[in-house]
Amino acid sequence: MTEQFDCALLSFPNEADWPSDAPGRYAQGRLQVQLLSSELITPRVCEVQQLRALAMPARRFDVCVLAITYANLSLMRRRLAAAQSVFRTPIFAMVGDFRAAALQDLLRLGVCDFLTAPLDLEVLRVRTHMLKRHALATASEHQVTEPLLQGYATLDSMALGTDHQAIENHLCATILHQDGATLGAYAAAVATHFASSKASFQSLKATVIGRFEQAYIRAALAHSQGNITMAARAAQKHRRAFWALMQKHNINADTFRSASVPDCTS
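Residues numbered from 1 in each chain as written. Predicted model: local features only at pLDDT ≥ 70, side-chain atom pairs only at ≥ 80, totals over all residues. Heavy atoms only, no water.

## Notes on the packing of aromatic side chains
- Tallying each qualifying case throughout the model produces two aromatic pairs.
- Ring geometry for Tyr70 against Phe98: centres 4.6 Å apart, planes inclined by 45°, an arrangement best described as tilted. Of this pair, Tyr70 sits in the loop between β4 (63–67) and α3 (73–83) while Phe98 sits in the loop between β5 (91–95) and α4 (100–108), placing them 28 residues apart in sequence.
- Its relative accessible area of 8% is what places Phe98 among the buried residues.
- Where Phe212 meets Tyr216, the ring centres are 5.8 Å apart and the plane angle is 35°; that geometry is what we call tilted. Here Phe212 pairs with Tyr216, and both are found in helix α10 (residues 201–223), just four residues apart, close to one helical turn.
- For the cation-ring pair, Arg60 lies above Phe61, with the distance from its terminal atom to the ring centre recorded as 4.6 Å.
- The ring of Phe12 is capped by Arg79, whose NZ or CZ atom sits 3.9 Å from the centre of that ring. (Phe/Tyr/Trp six-rings, centres within 6.5 Å; stacked < 30°, edge-to-face > 60°. Helix = DSSP H or I, 4+ residues; strand = E, 2+ residues; numbered from the N terminus. Buried < 20%, exposed > 50% of the residue type's maximum accessible area, 1.4 Å probe, protein only. Lys NZ or Arg CZ within 6 Å of the ring centre and 35° of its normal.)

In structure tokens, the structure reads:
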């Protein structure tokens with residue numbers, strides 16, 4: 001059976017980014033391109049939050065494409081940072097002749113692939129096909145763990161059993177990609193597990209929160225390759241507050257830095 005892919009061209013008010021004839025069916029119907037405009041969905045949202053507002057309607061698409069130019073690069077960075085925790089649909093960025101540092105920054109903010117301007121629809125179809133194949137291969141690696149994630153809400157202290165540590169390790173490693181429902185359900189399951197302990201509510205609550213903070217801060221720093229400012233921006237926390245959490249858990253950003261990435265945080 002021939003695979004069919006749905007692609008959304010993301011459009012924003014007062015930004016002439018896509019030609020009017022771009023939407024349509026291509027490659028003998030294997031690629032359907034539609035315009036997804038934030039203006040039609042949430043006309044009163046501030047411009048930085050417009051991409052975040054498109055997160056839910058974008059879920060019906062296989063990929064979304066952002067047109068990024070030197071003129072809107074700064075704004076697109078802020079949009080991506082604001083949407084990073086909720087935008088689940090893979091984002092392709094159509095870019096011009098950007099420098100490597102700018103492309104690397106966009107990757108850190110959630111862009112998964114790049115397309116050159118003007119948009120080549122056959123390249124878009126092939127890249128989408130490759131992305132879907134990769135996603136299926138990655139999903140198969142977690143076929144044992146993922147069904148357990150879906151059942152957290154009903155787990156009790158016995159159900160966690162010996163799989164508890166393996167599940168927690170997986171969540172910590174993928175925490176930036178988990179949604180609130182999954183993390184909340186897991187927290188509820190762990191709370192049930194701890195309820196039989198003789199320790200106080202307050203101390204156990206602090207333990208669970210501390211684990212979350214450590215996992216999140218480490219994952220955010222790893223994602224930004226040790227750039228504290230960028231990690232704090234992605235977490236939507238003030239840099240000083242983010243730094244305080246690093247100090248609290250004795251986390252050193254140098255551990256996550258690559259020798260090829262300049263330090264822009266000092």
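## So, the pattern of salt bridges
- Enumeration over the complete set of coordinates arrives at four salt bridges.
- Between Asp113 and Arg127 there is a salt bridge; the shortest N-O distance is 3.3 Å. Taken together, the positions of Asp113 in strand β6 (residues 111–116) and Arg127 in helix α5 (residues 121–141) put the pair 14 residues apart, joining distant regions of the chain.
- Measuring nitrogen to oxygen at the nearest pair gives 2.9 Å for the salt bridge that ties Glu213 to Lys248. Placement of the pair is Glu213 in helix α10 and Lys248 in helix α12 (residues 239–248), with a sequence separation of 35 residues.
- Judged by relative accessible area, which is 16%, Glu213 ranks as buried. (Salt bridge = Lys/Arg side-chain N within 4 Å of Asp/Glu carboxyl O.)

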